[in-house]
Amino acid sequence: LLFLSIALAPWYYFPKTVYTLSLLSIELLLFVLYSVSPFRFKERGFLGVITDSLYAHAIPALLALTAFDQNGELPFNTIRGLSITLLLWQFFLGIRNILFHQIADSKNDIKSGIKTFVTSTSIPKTELLLKKLFIPLEVISFSLFCLILSLTYFLMSLTLLAIYILYLFYQRKGY
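Just so you know, these numbers come straight off a predicted model, no measurement behind them.

**Some details on the packing of aromatic side chains**
In this structure the tally under the stated criterion is 11 aromatic pairs. Judged by centre distance (5.3 Å) and plane angle (75°), the rings of Phe31 and Tyr55 are edge-to-face. Of this pair, Phe31 sits in helix α2 (residues 18-35) while Tyr55 sits in helix α3 (residues 46-70), and the two are 24 residues apart along the sequence. For Phe31, a relative accessible area of 42% corresponds to the partly exposed category. Pairwise contacts between aromatic rings join Phe31, Tyr34 and Tyr55 into one cluster.

What follows is the structure, given as structure tokens:
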């Protein structure tokens, strides 16, 4: 109850609309589905990865953006584009984070008998998925988010993308 009270306290001040309260409810529901038996999506393969990414990254980011937008504190005209690109970026960032977390916990999860995406797929296959799919999708979605923000941020994100590609190139060459 203490943690729930702390989580809900800001909503005493933030605008309470059907949209913000729906997002908040979905976030809390996903957290319960992820961690509590009999659902325990954590142990349901990629469904657990998606659920964690949504409740820990994508929905909180969208909720914060929505709350600040409804308070009139955002100087953007393209809130829909900003919302979509933020949601995508945070979703892929969340996938990367939970997969790295599961990789780090895999030995303990195996000892405890916890079946996560990584323990049922393997660390090498998960790392390949990260390298080939999820990290590039995160970088692309971040770049699109930056493009919506401003051309300057977009150019900075392209620079980061170029650095990442060079890193992959030199890593493949063994430098």
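**Here we look at the confidence of the model for the protein chain**
The share of residues in the protein chain with pLDDT of 70 or more is 94%, and the mean pLDDT across the chain is 90. Looking across the protein chain, the model is least confident in helix α7 (residues 151-173), with a mean pLDDT of 84, and most confident in helix α5 (residues 117-121), with 97.

**Notes on a nonpolar patch on the surface**
A contiguous nonpolar patch, built from Ile140, Leu144, Leu147, Leu151, Leu155 and Leu158 and spanning about 520 Å² of accessible area, is present on the exposed surface. Along the chain, Leu144 turns up in helix α6 (residues 123-149). Judged by its relative accessible area of 40%, Leu144 is partly exposed.

**Concerning unusual backbone geometry**
Here the bond from Ser37 into Pro38 is cis, since omega is 10°, no more than 30 degrees from zero. Positive phi outside glycine occurs at Arg40, with the angle close to 35°. Mapping Arg40 onto the fold places it in the loop between α2 and α3. Its identity is not glycine, yet Ser122 carries a phi of approximately 115°, on the positive side. Looking at the secondary structure, you find Ser122 in the loop between α5 and α6. Residue Ser122 is classed as partly exposed on the basis of its relative accessible area of 25%.

Cut-off values and rules
- Residues numbered from 1 in each chain as written.
- Predicted model: local features only at pLDDT ≥ 70, side-chain atom pairs only at ≥ 80, totals over all residues.
- Heavy atoms only, no water.
- Phe/Tyr/Trp six-rings, centres within 6.5 Å; stacked < 30°, edge-to-face > 60°.
- Helix = DSSP H or I, 4+ residues; strand = E, 2+ residues; numbered from the N terminus.
- Buried < 20%, exposed > 50% of the residue type's maximum accessible area, 1.4 Å probe, protein only.
- pLDDT = per-residue confidence, 0-100.
- Patch = residues over 30% accessible without salt bridge, like charges linked within 9 Å, V, L, I, M, F, W, Y side chains within 5 Å.
- Areas by Shrake-Rupley, 256 points an atom, 1.4 Å probe, with all protein chains shown as cover.
- Salt bridge = Lys/Arg side-chain N within 4 Å of Asp/Glu carboxyl O.

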